[in-house]
Amino acid sequence: MRDIDSIEAQQEGQGFQFPGEFEITAMGNASADLKSRVPQILEGIGLHVLHETVKHRNSREGNFISVTVSFRCDTREQYDLAHSTLRADPDIRYTL
């Protein structure tokens, strides 16, 4: 298996390009107010959150929620930090 950092776009203009706008989805406990916390967490690590893009969806039984938000970042390290910081929150189960 290849390291993710060694993967390059097959054609110019495809794949991750920095700086850029990216979307992240965090899924977790519905009772944890993730609609407001996810953008706050991302801003807390210095990312520019596009608040008008925040979307959420509750699970069928209402126990979980997914929150999707777009943000701007300058480097791959910032992008990876967004995922790892959200995943470190005890109320967030995983990110996409």
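Here, the structure is the one placed above.
The following refers to the structure shown. (Residues numbered from 1 in each chain as written. Predicted model: local features only at pLDDT ≥ 70, side-chain atom pairs only at ≥ 80, totals over all residues. Heavy atoms only, no water.)

## Considerations on the overall build of the protein chain
(1) Moving on: The helix and strand tally for the protein chain stands at two helices and four strands.
(2) Moving on: Start at the N end of the protein chain and walk to the C end: the helices and strands fall as β-α-β-β-α-β.
(3) Moving on: Every one of the 96 residues in the protein chain was classed for burial, and the buried ones make up 33%.
(4) Moving on: Of all intrachain contacts in the protein chain linking residues separated by at least 6 positions in sequence, the fraction that spans at least 24 positions is 69%. (Helix = DSSP H or I, 4+ residues; strand = E, 2+ residues; numbered from the N terminus. Buried < 20%, exposed > 50% of the residue type's maximum accessible area, 1.4 Å probe, protein only. Contact = heavy atoms within 4.5 Å.)

## Overview of the pattern of salt bridges
For side chains of opposite charge, pairing can occur when their charged atoms come near one another.
(1) Moving on: Applying the stated rule across the entire model yields five salt bridges.
(2) Moving on: Where D80 meets R76, a salt bridge forms, and the shortest distance between an N and an O atom there is 3.1 Å. Taken as a pair, D80 and R76 lie in helix α2 (residues 76-88) at a separation of four residues, close to a single helical turn.
(3) Moving on: For D80, a relative accessible area of 35% gives the class partly exposed.
(4) Moving on: Taken together, the salt bridges that share partners define one network made up of R37, D89 and D91. (Salt bridge = Lys/Arg side-chain N within 4 Å of Asp/Glu carboxyl O.)

## Structural notes on unusual backbone geometry
(1) Moving on: With omega at -5°, the peptide bond leading from F18 into P19 counts as cis.
(2) Moving on: Of note, P19 is situated in the segment before β1 (20-29).

## Side note on the packing of helix α1 (residues 34-44) against α2
(1) Moving on: Between α1 and α2, the shortest axis-to-axis distance is 10 Å and the interhelical angle comes to 130°. One finds that α1 runs oblique with respect to α2. Relative to α2, α1 is oriented so that their crossing is right-handed. Residues V38, I41 and L42 of α1 form the contact with α2, whose own contacting residues are A82, T85 and L86.
(2) Moving on: Partitioned by chemical class, the residues of the contact of α1 with α2 number five nonpolar, one polar and no charged. (Axes fitted to C-alpha atoms, helices over the stretch in contact; angles between N-to-C directions. Parallel < 35°, antiparallel > 145°, perpendicular 65-115°, else oblique. Left-handed = near helix turned anticlockwise from the far one by under 90°. Nonpolar A, V, L, I, M, F, W, Y, C, P; charged D, E, K, R; others polar.)

## Concerning the nonpolar core
(1) Moving on: In this structure, I24, L34, V38, L42, F71, L86 and I92 are the most contacted members of the largest nonpolar core, which totals 19 residues.
(2) Moving on: Elements with a minimum of two residues in this core: β1, α1, β3 (64-73) and α2.
(3) Moving on: Once residues within four sequence positions are removed from consideration, V38 is found in contact with A26, V67, V69, L86 and I92. (Core = buried A, V, L, I, M, F, W, Y, C linked by side-chain atoms within 4.5 Å.)

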